[in-house]
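Remarks on the overall topology
So you can see what is in the structure, the chains are spelled out below.
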Amino acid sequence: MTSSTASRDKDSPATALGPTALVLGVFSAVGTWAFLFPWTVLAGALAVTFGAMGLHYARRGTGRLWPAAAGTTLGAIGLIGTITLLWSLA
C-alpha cells in the first residue's frame, strides 16, 4: 500500500470517452450486418457523440486520440450504413 490512490490531473471521466466510443462504434458497424437495427442506430449515434467529446478532450491532453477517432468513424459508418439500408428498403 505504498502507492497513492489520490486523483491526478490525468484521472478524469473524459479518459473513458474514446474507448466507450470505440466499443459502441464496433457494435454499430457490425450490428448493421446482423440486422440489429434499433440497437445499431442508437449505438452509432452514441459512438459519434462520445467520440466527438473524446476528440475534444484528447486534444486538450486528457485521454487518447486514436480510440476516439476510430469510434467516431465506426459509429458514423454504422449509423449511415443502417440508415441507408433502411432507406433503400422503404
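Residues numbered from 1 in each chain as written. Predicted model: local features only at pLDDT ≥ 70, side-chain atom pairs only at ≥ 80, totals over all residues. Heavy atoms only, no water.

1. Topic: the UniProt feature "transmembrane region" (unreviewed entry) in the protein
Per the UniProt entry, the sites bearing "transmembrane region" (unreviewed entry) are residues 12–30, 36–58 and 65–89 in this numbering. Secondary structure content for residues 36–58 is 96% helix and 0% strand, and the end C-alpha separation is 31 Å. A distance of 36 Å separates the end C-alpha atoms of residues 65–89, which is 100% helix and 0% strand. (UniProt positions renumbered as here; feature names shortened; annotations may be inferred. Helix = DSSP H or I, 4+ residues; strand = E, 2+ residues; numbered from the N terminus.)

2. Examining the packing of helix H2 (residues 37–59) against helix H3 (residues 65–89)
When two helices pack together, their arrangement is given by the angle between the helix axes and by the axis-to-axis distance. Interhelical geometry of H2 versus H3 gives an angle of 150° and a closest axis separation of 7 Å. On the basis of their axis angle, the class for H2 and H3 is roughly antiparallel. Where H2 crosses over H3, the two elements pack in a sense that is left-handed. Packed against H2, whose contacting residues are Phe37, Thr40, Val41, Gly44, Ala45, Ala47, Val48, Gly51, Ala52, Gly54, Leu55 and Ala58, the element H3 presents Leu65, Ala68, Ala69, Gly71, Thr72, Gly75, Ala76, Leu79, Thr82, Leu85 and Leu86 at the interface. Class assignment for the residues of the contact of H2 with H3 results in 15 nonpolar, eight polar and no charged. (Axes fitted to C-alpha atoms, helices over the stretch in contact; angles between N-to-C directions. Parallel < 35°, antiparallel > 145°, perpendicular 65-115°, else oblique. Left-handed = near helix turned anticlockwise from the far one by under 90°. Contact = heavy atoms within 4.5 Å. Nonpolar A, V, L, I, M, F, W, Y, C, P; charged D, E, K, R; others polar.)

3. Concerning the environment of valine 23
Within the secondary structure, valine 23 sits in helix H1 (residues 17–33). Of the residues examined, valine 23 reaches a relative accessible area of 59% and is grouped as exposed. (Buried < 20%, exposed > 50% of the residue type's maximum accessible area, 1.4 Å probe, protein only.)

4. Focus: a nonpolar patch on the surface
A contiguous nonpolar surface patch, about 470 Å² in accessible area, is contributed by Phe27, Leu36, Trp39, Leu42 and Leu46. No other element matches H2, which puts three residues into the nonpolar patch. Assignment of secondary structure puts phenylalanine 27 in helix H1. (Patch = residues over 30% accessible without salt bridge, like charges linked within 9 Å, V, L, I, M, F, W, Y side chains within 5 Å. Areas by Shrake-Rupley, 256 points an atom, 1.4 Å probe, with all protein chains shown as cover. Salt bridge = Lys/Arg side-chain N within 4 Å of Asp/Glu carboxyl O.)

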